[in-house]
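Fold and contact review
Read off the chains here:
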Amino acid sequence: MWSGPWKRNKEVSSAQIDRGRIPRHIAIIMDGNGRWAIRRGLPRSLGHKAGVEALRGVVKACSGLGVEYLTVYAFSTENWRRPKEEVGILMNLLTEYLRRELRELDENDVVIRAVGQIEHLPAEARTELARAFEQTKSNRGLVLNLALNYGGRAELVGAVQGICRDVQGGRLKPAEIDENVVDRYLYTAGIPDPDLLIRTSGEMRLSNFLLWQCAYTEMVVVRDYWPDFDEEALLQAIRAYQRRNRRFGGLANE
Ligand code: IPE
Ligand code: IPE
Ligand code: MG
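For clarity, every value in this text was computed on a predicted model and none was experimentally measured.

**Digging into the overall build of the protein chain**
Looking only at helices and strands, the protein chain has seven helices and six strands in total. Each of the three principal axes of the protein chain carries a C-alpha extent, and together these read 55 × 50 × 35 Å. The buried share among the 254 residues of the protein chain stands at 47%. Sequence-distant contacts, at least 24 apart, represent 78% of the contacts inside the protein chain between residues at least 6 apart. Entry remark: accessible area of the protein chain is about 13,600 Å², with carbon and sulfur atoms responsible for 49%. Charge-centre separation for the protein chain: the mean point of 37 positive side chains lies 3 Å from the mean point of 34 negative side chains.

**Notes on the site of ligand 2**
What surrounds ligand 2 is the set Ile 29, Met 30, Asp 31, Tyr 73, Ala 74, Phe 75, Asn 79, Arg 82, Arg 199, Arg 205 and Ser 207. A distance of 3.4 Å separates an oxygen atom of ligand 2 from a polar atom in the side chain of Arg 199. Starting from 390 Å² of accessible surface for ligand 2 in isolation, the protein chains cover 77%. The leading source of residues in the shell around ligand 2 is strand S2 (residues 69–76), at three residues.

**As for the UniProt feature "active site" (unreviewed entry) in the protein chain**
With numbering aligned to this structure, UniProt lists the feature "active site" (unreviewed entry) at Asp 31 and Asn 79. Taken along the chain, the residues just named run across 49 residues; in space they keep tight, none of their C-alpha pairs more than 12.0 Å apart. Among the secondary structure elements, Asp 31 is positioned in the loop between strand S1 (25–29) and helix H1 (33–39). When sequence neighbours within four positions are dropped, the list of residues in contact with Asp 31 reads Arg 199, Thr 200, Ser 201, Glu 203, Tyr 225 and Trp 226. Among the secondary structure elements, Asn 79 is positioned in the loop between S2 and helix H3 (84–107).

**What to know about H3**
Spacing of three or four residues puts side chains on the same side of an α-helix, whose turn is 3.6 residues. The first and last C-alpha atoms of H3 sit 35 Å apart over 24 residues, in line with the 34 Å expected at 1.5 Å per residue. Glu 101 marks where H3 bends most, by close to 55°. Looking at H3, one finds that the buried residues are Glu 86, Val 87, Leu 90, Met 91, Leu 93, Leu 94, Thr 95, Tyr 97, Leu 98, Glu 101, Leu 102 and Leu 105.

**Considerations on the pattern of salt bridges**
Pairing of side chains with opposite charge becomes possible as their charged atoms draw close. Under the defined criterion, the tally for this structure stands at 20 salt bridges. Across the pair Glu 101 and Arg 56 runs a salt bridge whose closest N-O atoms are separated by 3.2 Å. Linking Glu 101 in helix H3 with Arg 56 in helix H2 (residues 44–65), this pair joins segments that are 45 residues apart in sequence. By relative accessible area, Arg 56 is classed as partly exposed at 30%. Measuring nitrogen to oxygen at the nearest pair gives 2.9 Å for the salt bridge that ties Arg 82 to Glu 86. Classification of Arg 82 as partly exposed rests on a relative accessible area of 30%.

**As for the site of ligand 1**
Residues in close proximity to ligand 1 total 13 residues, the closest being Asp 31, Gly 34, Arg 35, Arg 44 and Arg 82. Contacts to ligand 1 include Gly 34, whose backbone N or O atom sits 2.9 Å from an oxygen atom. Considered on its own, ligand 1 offers 370 Å² of accessible surface; in the complex 87% of this is hidden by protein. For the shell around ligand 1, the elements supplying multiple residues, two or more each, are H1, H2 and H3. For the shell around ligand 1, the element with the highest residue contribution is H1, accounting for three residues. Of the residues contributing to the shell around ligand 1, the split by class is three nonpolar, five polar and five charged.

**Structural notes on the nonpolar core**
Formed by 50 residues in total, the largest nonpolar core has its most connected members in Ile 26, Ile 28, Leu 70 and Leu 234. When contributions to this core are tallied by element, the ones reaching two or more residues are S1, H2, S2, H3, helix H4 (123–136), strand S4 (143–150), strand S5 (196–199) and helix H7 (231–243). Here this core gets nine residues from one element, more than from any other, and that element is H3. Counting 10 residues, the second-largest nonpolar core is a separate cluster that includes Ala 147, Tyr 150, Leu 197 and Cys 214.

Calculation notes
Residues numbered from 1 in each chain as written. Chains lettered and ligands numbered in written order. Predicted model: local features only at pLDDT ≥ 70, side-chain atom pairs only at ≥ 80, totals over all residues. Heavy atoms only, no water. Helix = DSSP H or I, 4+ residues; strand = E, 2+ residues; numbered from the N terminus. Buried < 20%, exposed > 50% of the residue type's maximum accessible area, 1.4 Å probe, protein only. Contact = heavy atoms within 4.5 Å. Areas by Shrake-Rupley, 256 points an atom, 1.4 Å probe, with all protein chains shown as cover. Lys, Arg positive; Asp, Glu negative; His and termini not counted. Charge placed at Lys NZ, Arg CZ, Asp CG, Glu CD. Near = heavy atom within 4 Å. Polar contact = N/O pair within 3.5 Å; in protein donor to acceptor, adjacent residues only side chain to side chain. UniProt positions renumbered as here; feature names shortened; annotations may be inferred. Expected span 1.5 Å × (residues − 1). Bend = angle between axes of the 7 residues up to and from the residue. Salt bridge = Lys/Arg side-chain N within 4 Å of Asp/Glu carboxyl O. Nonpolar A, V, L, I, M, F, W, Y, C, P; charged D, E, K, R; others polar. Core = buried A, V, L, I, M, F, W, Y, C linked by side-chain atoms within 4.5 Å.

Okay, structure coming up:
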């Protein structure tokens, strides 16, 4: 069935969600901050600021629903192409978010992790990330996986390099390389593939996000710009997911 961007029409309450089939792993391409701001006659930076607030709400909602992993695309390897000023604003917002939210996230049992080349982020952001990883590593609740300086292709290149190093060092035989081995060389090693991928602002593309991991992920594209994406929108996306028939190349169950 065609399921293009859908408009939010009626309210979905959490009672309409099948609690037994909550996606274990939700991935989100948080897109549209700039357009949200421009539409209001505001600078793009205020769109990013509003985007951080939307993230707070969605993290809280996912945590309450019992989602195990939430991977959010916050900065891509291609986002460095933006004006230096905007990149700086995004990096400062990341640092501020971690400084401001760490305590509450920790108190709510959230585990903070990251995927991407975080070694290339500014020093203050790296310091806050290291603190967040350390402080939350033993928590048992939602894993909030921040995709920072993340690119699916860069991740695959890194995996190929890692595999080659291990083959060269005699730790791995080429014949042993299968899909599970490749998985182990990705940033997401040990994390199940996303069940549901949400993209806001209506764009129908992956923009280099989780290329390997999304092979059989259910996609939901919503028209809302990211700052407008709230718990209600999340519940709608989960409802849409729960109506899908996941076949993984096999035959329908019904
Ligand atoms: C998403 O919003 C945030 C990042 C990519 C960092 P955008 O900044 O891409 O907003 P639009 O797509 O230009 O509206
Ligand atoms: C994807 O959004 C990256 C993030 C949300 C961090 P972009 O706005 O960068 O993607 P394109 O350029 O529209 O494909
Ligand atoms: Mg965008």
